[in-house]
Amino acid sequence: MTKFTPSFDIENSHNGIVAGIDEAGRGPWAGPVVAAAVILDPANLPNGLNDSKTIAEKKRDIIAAEIRAKAIVGVGIASVDEIDEINILQATFLAMARAEKELSTQPDICIVDGSAKPKLRAPFEMVVKGDAKSFSIAAASIIAKTVRDQMMRDLAKIHPEYAWEKNKGYGAPAHRAALDAHGVTPHHRKSYAPIHNILYPDP
């Protein structure tokens, strides 16, 4: 398995202002999907940039604060209702477009994690495993993940039985058990099979 180390190489291959874009929360059964767009200053890079999935939660929060202090950041959110209405892929694209729009500086090009192409205002390049290859995409992955994690911690205060502060809405055993015991909340994605099957069981 190839291990990548993020760098500024992809950014340096483009002229002009480059924004990295990534999302968090496509897989969970509950909560929104969040995207972030980040324009880094190559002369003032935050420390510890890497794929957000490889960084412990408390350290991610520290790095996210440094990214916000040193970079231009835009965040976009697509709600559970939007996910259910247009599907998770299209909702992810919507969140990415909203994140790009929230940037205070318009990028000349966006580099986007993954292979599925969103609709953005700026030209863009798709980068598979981009959060492990590009500092800008890694920064976007950290912002998106920390924003969504905080949203799930806040929702956990309203619905503590689902343990969202720990599982962040993914289908962990505690989440499954709470669904069996307490049913579906307005924050669950009703288009997702495990939730849909609870609401509309086979006769």
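Just so we're clear, the structure is a prediction, and the values are computed from it rather than from any experiment. (Residues numbered from 1 in each chain as written. Predicted model: local features only at pLDDT ≥ 70, side-chain atom pairs only at ≥ 80, totals over all residues. Heavy atoms only, no water.)

Colleague: Looking at this structure, how should I read the overall build of the protein chain?
Modeller: Assigned secondary structure in the protein chain consists of eight helices and five strands. Counting from the amino terminus, the protein chain carries its helices and strands in the arrangement α-β-β-α-β-α-α-β-β-α-α-α-α. With respect to the three principal axes, the spread of C-alpha positions in the protein chain is 60 × 35 × 30 Å. For the protein chain, buried positions account for 49% of its 203 residues. Taking all contacts inside the protein chain whose residues are at least 6 apart in sequence as the whole, residues at least 24 apart take part in 64%. Carbon and sulfur atoms make up 54% of the accessible area of the protein chain, which amounts to about 9900 Å² in all. (Helix = DSSP H or I, 4+ residues; strand = E, 2+ residues; numbered from the N terminus. Buried < 20%, exposed > 50% of the residue type's maximum accessible area, 1.4 Å probe, protein only. Contact = heavy atoms within 4.5 Å. Areas by Shrake-Rupley, 256 points an atom, 1.4 Å probe, with all protein chains shown as cover.)

Colleague: Can you walk me through helix H2 (residues 57–70) in this structure?
Modeller: Every α-helical turn comprises 3.6 residues, leaving residues that sit three or four positions apart pointing alike. A rise of 1.5 Å per residue sets the reference length of H2, with its 14 residues, at 20 Å; its end C-alpha atoms lie 20 Å apart and thus fit the reference within 8%. Buried within H2 are the following residues: Arg60, Ile63, Ala64, Glu66 and Ile67. Looking down the long axis of H2, one finds its buried residues gathered within 165° of arc, a one-sided arrangement. Turned more than 90 degrees away from the buried face of H2 sit Lys58, Ile62 and Ala69, all of them exposed. Residues of H2 that are buried sit in contact with strand E2 (33–39), strand E3 (72–78) and helix H5 (135–158). (Expected span 1.5 Å × (residues − 1). Arc of directions from axis to C-beta.)

Colleague: Would you mind showing me how to read the pattern of salt bridges here?
Modeller: Overall, the coordinates contain 10 salt bridges when judged by the stated rule. Between Arg60 and Asp149 there is a salt bridge, and its shortest N-O distance comes to 3.2 Å. One end of the pair, Arg60, is in helix H2; the other, Asp149, is in helix H5, with 89 residues separating them in the sequence. Neither residue differs from the other here; Arg60 and Asp149 are each classed as buried. Its salt-bridge partner being Glu82, residue Arg98 comes within 2.8 Å of it at the nearest N-O pair. (Salt bridge = Lys/Arg side-chain N within 4 Å of Asp/Glu carboxyl O.)

Colleague: Explain the packing of aromatic side chains here, please?
Modeller: Aromatic ring pairs are described here by two measures, namely the spacing of the ring centres and the angle between the planes. Summed over the entire model, instances satisfying the criterion amount to one aromatic pair. Taken together, a centroid distance of 5.1 Å and an interplanar angle of 20° make the contact between Tyr162 and Trp164 stacked. As far as the burial class goes, Tyr162 and Trp164 line up, both buried. (Phe/Tyr/Trp six-rings, centres within 6.5 Å; stacked < 30°, edge-to-face > 60°.)

Colleague: Mind showing me how you'd approach the sheet that holds E2 here?
Modeller: Backbone hydrogen bonds hold the strands of a sheet together, and the pairing may be parallel or antiparallel. Read across the sheet, five strands follow the order E3-E2-E1-E4-E5 without closing on themselves; strand pairing throughout is mixed. Pairing within the sheet leaves two strands with one partner each, and these edge strands are E3 and strand E5 (124–127). Here the average twist between neighbouring strands, direction ignored, is 20°. As judged from the four bridges shared by strand E4 (residues 109–113) and E5, these two strands associate in the parallel manner. When the sheet's bridge partners are listed, Val112 is paired in E5 with Met126. The sheet strands contacting H5 are strand E1 (18–24), E2, E3, E4 and E5, and the helix crosses E1 at an angle near 35°. (Pairing = 2+ DSSP bridges. Axes fitted to C-alpha atoms, helices over the stretch in contact; angles between N-to-C directions.)

The analysis is restricted to geometry; functional conclusions fall outside its scope.
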